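# Structural features, examined
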Amino acid sequence: MTIRSLLKSKGYEFDVENQYWIREWTANGGQETFLEVAMKTEDGEWNKLMMSPEGKVFYAEAVGGGV
């Protein structure tokens, strides 16, 4: 399975403008929304970020060569 297929199967969509994969999560009965971002770095590694809809990152993790 390709990375693209894997990310799509997990609900991610590719954001062409920002060049990363993104999916939306809700919490507290839909009252809060946040974004989970998977992005490939220039050295081929992957990072996962959690951010607000306004773009404020509140969690980041280097996940290495796989997502």
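Now for a look at the structure at hand. Bear in mind that the values here come from a model prediction, so they are computed numbers and not experimental data.

Parameters at a glance
- Residues numbered from 1 in each chain as written.
- Predicted model: local features only at pLDDT ≥ 70, side-chain atom pairs only at ≥ 80, totals over all residues.
- Heavy atoms only, no water.
- Helix = DSSP H or I, 4+ residues; strand = E, 2+ residues; numbered from the N terminus.
- Buried < 20%, exposed > 50% of the residue type's maximum accessible area, 1.4 Å probe, protein only.
- Contact = heavy atoms within 4.5 Å.
- Pairing = 2+ DSSP bridges.
- Axes fitted to C-alpha atoms, helices over the stretch in contact; angles between N-to-C directions.

## Topic: unusual backbone geometry
Backbone geometry at Q19 places phi at a positive 60 degrees, although glycine is not the residue there. In this fold, Q19 is placed in the loop between β1 (13-15) and β2 (20-27). Here the phi dihedral of N28 falls at roughly 55 degrees; this positive angle occurs in a residue that is not glycine. In this fold, N28 is placed in the loop between β2 and β3 (32-40). You can call N28 partly exposed: its relative accessible area is 49%.

## Focus on the side chain of S52
With respect to the helices and strands, S52 occurs in the loop between β4 (46-51) and β5 (57-64). Here S52 falls in the buried class, since its relative accessible area comes to 15%. Ignoring anything within four residues of it in the chain, the contact list for S52 reads L35 and F58.

## A few points about the sheet that holds β5
With antiparallel pairing, 5 strands are arranged side by side in an open sheet as β1-β2-β3-β4-β5. Edge strands, defined here as strands with exactly one partner in the open sheet, are β1 and β5. The average undirected angle you get between the axes of adjacent strands in this sheet is 30 degrees. With 3 bridges joining them, β1 and β2 adopt antiparallel strand pairing. Bridging across to β2, F14 finds its partner in W21.

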